[in-house]
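Tertiary structure, described
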Amino acid sequence: MYILSVDFGTSSVKSAILDEKFNIVASSKVEYNFNIKDSDKIELDPDVVFEAFVQCIHKFQNYSSKVELIAFDIFSPSVLFMDENGKALYPIITHLDRRSRRQTEQILDVMGEDEFQKITGVLPFTGGVSVTTILWMKENMPDIYNNSYKIGHFNTYFYKKLTGIWAIDPVNASQMGLFETVKSQNWSKDICNTFDININKLPDIMYAGTIAGNLCKEVANLTGLREGIPVALGSNDAATAHIGADNFNPGDVLDISGSNEILTILTDKPIMNKKYYLRNAVTPGLWQIFAISTGGFAVDWFRQEFCKDMDKDEFYNKYIVEIVQNIKKTTVEFLPYLAGDRHSLEKKRGGFTGLTLDTKREDMLMSILIGMHNPIIETFDLASKFLNLNKTIKLTGGLTGGAYIQLKKMLFKGYNFKIVQDCPLIGNAKLALKALNDSL
């Protein structure tokens, strides 16, 4: 049996064919670009993303007709406003978007921090919850809002496109800021009524991995996949990565080290804090403690601006290794907010402090490597106060070479790291196959 697993990211889609033992037998990747408008508006064309998916599948000519199950994950928040046929009325508004700061203030003025967080598990961070984007659309482009039949994330759009069924999973629902994350696992009538959001525009909630529909003829013809094969409802990439890493217990930790530095910890205690996100986990009865900071984006920005005398290979495979091996105390500190701060109600920007005439670029790079970890270390320490954390941290992503592990062991003293690559792709497949077997 072959399973198609698809991992939708902010800048590319990765696809893989897995056998029923979850070995990857073929893989493909297609990149795309997001659009930046007025610095704060960061969008993706859903048609471009879907076409990238089709291109990925065309690379699997030897397997397409043999695929018997489809699974996927998405980046989120990834807000989409859709008509009754599932057509997007506006581009994907990504988690990098910062247009809705005024709507954050509106929520805080009307409902207050404590009341909102008590329902949703989080504060109304711009780019962190979708409700601020929905309120922005209501105010600034009311025709888009009024003509929307459903409002969801990209998994709602993609599942509708493949199967004709409207759905969203609890993980993505908990990222919308309209969901009773802690209490009842339903859409919040209180929040919807308070801000005049039509609750009927929100999709039905189904567990991640649910097989509610089968591949439609139109997409089968576009891709070469067989019409009628089961399609499992996808979840958020960080959430399915836990499944791929075999993290199922409270205290299990996953460090996703790539374009962003992400820490996600499983917990059975939905304890809220203003310094991290509390989200649902894929596994029922568990939540995620979630923190995110700039990571590889900042490192590559430094490479392009300050190390033009090196090629990419020398920078990553030699220069950074030497920096970490000879790491020393420096007065330079890096503020890791080059893309803003998704944990703050304030508008933050990145920067360096402690620069002197003696500062070298090595000091600045060292401060980036340390500084990009500081927000997640703070979250790690907060979680350790009420959770017995697993001493082995699972590590996945593009920044998992020996130098990075050496650095992380310095920063997370007393903990070991285990590399587990392709976690979202494998997690998707595990979820989907379990759901298929349970339905037989």
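Conventions and cut-offs
- Residues numbered from 1 in each chain as written.
- Predicted model: local features only at pLDDT ≥ 70, side-chain atom pairs only at ≥ 80, totals over all residues.
- Heavy atoms only, no water.
- Salt bridge = Lys/Arg side-chain N within 4 Å of Asp/Glu carboxyl O.
- Helix = DSSP H or I, 4+ residues; strand = E, 2+ residues; numbered from the N terminus.
- Buried < 20%, exposed > 50% of the residue type's maximum accessible area, 1.4 Å probe, protein only.
- Core = buried A, V, L, I, M, F, W, Y, C linked by side-chain atoms within 4.5 Å.
- Contact = heavy atoms within 4.5 Å.
- Axes fitted to C-alpha atoms, helices over the stretch in contact; angles between N-to-C directions.
- Parallel < 35°, antiparallel > 145°, perpendicular 65-115°, else oblique.
- Nonpolar A, V, L, I, M, F, W, Y, C, P; charged D, E, K, R; others polar.
- Pairing = 2+ DSSP bridges.
- Lys, Arg positive; Asp, Glu negative; His and termini not counted.
- Disulfide = S-S within 2.5 Å.
- Left-handed = near helix turned anticlockwise from the far one by under 90°.

Points about the pattern of salt bridges
Working definition: two side chains of opposite charge can pair if their charged atoms are close together. Under the defined criterion, the tally for this structure stands at 19 salt bridges. We note a salt bridge from arginine 303 to aspartate 300, for which the minimum N-O separation is 2.8 Å. Of the two residues, arginine 303 and aspartate 300 are both situated in helix α11 (residues 296-306); the distance of three residues between them amounts to about one turn of the helix. The shortest N-O distance in the salt bridge between aspartate 309 and arginine 361 comes to 3.0 Å. One end of the pair, aspartate 309, is in the loop between α11 and α12 (312-325); the other, arginine 361, is in helix α13 (residues 361-371), and 52 residues separate them in sequence. A relative accessible area of 55% means that aspartate 309 is categorised as exposed. The exposure class assigned to arginine 361 is partly exposed, which follows from its relative accessible area of 26%. Each of Lys37, Glu43, Asp97 and Arg99 takes part in one network of salt bridges that share partners.

Quick notes on the nonpolar core
One finds Phe81, Val131, Ile134, Met137, Leu178, Trp187 and Ile197 to be the most contacted residues of the largest nonpolar core, which totals 42 residues. Elements with a minimum of two residues in this core: β7 (78-82), α3 (113-120), α4 (131-140), α5 (142-146), α8 (189-194), α10 (237-244), β13 (253-257) and β16 (287-294). Among the elements that make up this core, the one with the highest residue count is α4 (five residues). Leave out the neighbours within four places in its chain, and leucine 178 touches Thr120, Val131, Ile134, Asn186, Trp187, Ser188, Ile191, Cys192, Ile197 and Leu202. By size, the runner-up hydrophobic cluster in this structure holds 39 residues, among which are Val6, Ala26, Phe50 and Phe158.

What to know about the packing of helix α2 (residues 101-110) against α4
Two numbers describe how α2 lies on α4: the axes approach to 8 Å, and their chain directions differ by 105 degrees. Here α2 is positioned roughly perpendicular relative to α4, judged by the angle of their axes. Of α4, the residues touching α2 (which contributes Arg102, Gln103, Thr104, Gln106 and Ile107) are Val131, Thr132, Leu135, Trp136, Glu139 and Asn140. Partitioned by chemical class, the residues of the contact of α2 with α4 number four nonpolar, five polar and two charged.

Examining the sheet that holds strand β15 (residues 277-280)
Strand order in the open sheet formed by six strands is β15-β16-β14-β13-β19-β20, and the pairing between neighbours is mixed. At either end of the open sheet lies a strand with only one pairing partner, and these are β15 and β20 (416-419). Adjacent strand axes in the sheet meet at a mean angle of 30 degrees, parallel and antiparallel pairs treated alike. Here α10 sits on the sheet and contacts β13, β14 (260-267) and β16; the angle it forms with β13, its principal contact strand, is near 120 degrees. On top of the sheet, helix α15 (residues 402-411) reaches β13, β14, β19 (392-396) and β20; it is set at about 150 degrees to β20, its chief contact.

Observations concerning the pairing of strand β3 (residues 24-31)
Looking at chain direction, strand β2 (residues 12-19) and β3 are connected through seven bridges and run antiparallel. Residue pairing across strands places lysine 14 opposite lysine 29, the latter belonging to β3. In this structure, the hairpin formed by β2 and β3 is closed by a connection of four residues, where phenylalanine 22 is found at a positive phi of approximately 70 degrees.

What to know about the sheet that holds β7
If you trace the five strands from one edge of the open sheet to the other, you get β4-β5-β8-β7-β9, paired in antiparallel fashion. At either margin of the open sheet sits one strand with a lone partner, and together these are β4 (35-37) and β9 (150-152). Sheet twist, expressed as the average angle between the axes of neighbouring strands with direction ignored, equals 25 degrees. Where β4 and strand β5 (residues 41-44) come together, three bridges link them in antiparallel fashion. Directly across from lysine 37, in β5, lies its bridge partner lysine 41.

Here's the deal with the side chain of lysine 160
Position of lysine 160 among the secondary structure elements: in helix α6 (residues 154-163). Of the side chains with opposite charge, aspartate 83 comes closest to the buried, unpaired lysine 160, at an N-O distance of 8.0 Å.

Describing the state of the cysteines
Considering all chains together, one arrives at zero disulfides under this definition. Here cysteine 56 is not cross-linked by a disulfide; its sulfur's nearest cysteine counterpart is in cysteine 216, at 18 Å. Taking relative accessible area as the criterion, cysteine 56 reaches 0% and is therefore assigned buried.

Some remarks on the packing of α11 against α12
Where α11 contacts α12, the two axes come as close as 11 Å, and the packing angle between them is 115 degrees. Taken together, α11 and α12 sit at an angle that is classed as roughly perpendicular. The handedness of the crossing between α11 and α12 comes out as right-handed. Residues Val299, Asp300, Phe302 and Arg303 of α11 form the contact with α12, whose participating residues are Lys312, Phe315, Tyr316 and Ile320. Here the residues of the contact of α11 with α12 sort into five nonpolar, no polar and three charged.

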